[in-house]
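Chain residues, written in single-letter form:
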Amino acid sequence: QLSVYTTTRSSIGAESNIDLVLNVEDFDIESKFERTVNVSVPKKTRNNGTLYAYIFLHHAGILPWHDGKQVHIVSPLTTYMVPKPEEINLLTGESATQQIEAEKQTNALDEPVSHWRSRLTLNVMVEDFVFDGSSLPADVHRYMKMVQLGKTVHYLPILFIDQLSNRVKDLMVINRSTTELPLTVSYDKISLGKLRFWIHMQDAVYSLQQFGFSEKDADEVKGIFVDTNLYFLALTFFVAAFHLLFDFLAFKNDISFWKKKRSMIGMSTKA
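Predicted model only: the values in this text are computed from it and were never measured. (Residues numbered from 1 in each chain as written. Predicted model: local features only at pLDDT ≥ 70, side-chain atom pairs only at ≥ 80, totals over all residues. Heavy atoms only, no water.)

### Points about the packing of helix α4 (residues 192-210) against helix α5 (residues 215-226)
The relative placement of two packed helices is expressed as an angle between their axes plus a distance between the axes. At a minimum axis distance of 9 Å, the contact between α4 and α5 shows a crossing angle of 160°. Our classification of the angle between α4 and α5 gives roughly antiparallel. Both α4 and α5 take part in a crossing whose hand is right-handed. Contact residues: F197, W198, M201, V205, L208 and Q209 in α4; E215, A218, V221, K222 and F225 in α5. (Axes fitted to C-alpha atoms, helices over the stretch in contact; angles between N-to-C directions. Helix = DSSP H or I, 4+ residues; strand = E, 2+ residues; numbered from the N terminus. Parallel < 35°, antiparallel > 145°, perpendicular 65-115°, else oblique. Left-handed = near helix turned anticlockwise from the far one by under 90°. Contact = heavy atoms within 4.5 Å.)

Next up, the structure:
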């Protein structure tokens, strides 16, 4: 079964200080679904804190931390970003007091505050694959968990969180008066090829953020892959590569023509 818990701690070892927000019994990895649940926001999170989601795949009837064959993954449900300032109509004739309050509010918005990620996209890799044990790709190995049953080593389901689906448009500012916030949990299966491609794209976006890209800048990069069909995106890259090749060959042909030219006979002055 699939269980989703929330906690303010980055690691858990028992049942204390965690909340169960979603439990899917008789979980079928082949069936996609989308559910919206209300999540209680702790006081620590409302005071500009962080909230984490723990997603478990485990045997039915057993608590996840008591199941030796469970597989889990952690994802933050909050992120820090400078909130978008409210638009002010300068033609409404505000009083001086209102303008001063608006200026104070604008100055206060310069600091990043905690925002709520209202979507959580889960995937389970469903393809059978064969890799040599000594040359297992690092991107797949990072998400694999193996257990030994007798003399045979088995790998557990590969659980993956699609971070590219976390867009700026889905973020909500967490106010101190907010006690509950909606969370949309969606699930779909994923192939091995798309899983590896998605892992590399997420690593690339993370690298951009480490180089100083803001959340909004990274969101524009995410939009290239999330808002566009992958086949259409691949076709665009393929056509662009051919266009670049033809430009190179045309330029190369021009250089060869003038390099071999020994006289201007038959050429116009403009040429």
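### Structural notes on the side chain of S75
Along the chain, S75 turns up in strand β5 (residues 71-76). Given a relative accessible area of 1%, S75 falls into the buried group. A distance of 3.4 Å separates polar atoms of two side chains, one belonging to S75 and the other to Q163. With sequence-adjacent residues up to four places away left out, S75 is seen in contact with Y52, A53, L120, I161 and Q163. (Buried < 20%, exposed > 50% of the residue type's maximum accessible area, 1.4 Å probe, protein only. Polar contact = N/O pair within 3.5 Å; in protein donor to acceptor, adjacent residues only side chain to side chain.)

### Section: α4
Given a rise of 1.5 Å per residue, 19 residues ought to cover 27 Å, and the 27 Å separating the end C-alpha atoms of α4 matches this to within 8%. Among the residues of α4, those classed as buried are L192, L195, W198, I199, M201, Q202 and V205. Positive backbone phi, at 110°, marks G212, one or two positions downstream of α4. (Expected span 1.5 Å × (residues − 1).)

### Points about the packing of aromatic side chains
The tally for this structure, following the rule as stated, stands at 13 aromatic pairs. On the basis of an interplanar angle of 55° and a centroid distance of 5.8 Å, the ring pair of F242 and F246 is categorised as tilted. Taken together, the residues span about one helical turn, with F242 and F246 both in helix α6 (residues 230-260) at a distance of four residues. Residue F242 is classed as partly exposed on the basis of its relative accessible area, which comes to 38%. Cluster of aromatic residues (ring-pair linked, three or more members): Y5, Y54, F56 and W65. One residue, R35, lies across the ring of F33, its end atom 5.1 Å from the ring centre. Here K194 stacks its cationic end above the ring of W198, 5.3 Å away from the centre of that ring. (Phe/Tyr/Trp six-rings, centres within 6.5 Å; stacked < 30°, edge-to-face > 60°. Lys NZ or Arg CZ within 6 Å of the ring centre and 35° of its normal.)

Remember, this is a structural readout, not a statement about activity or role.
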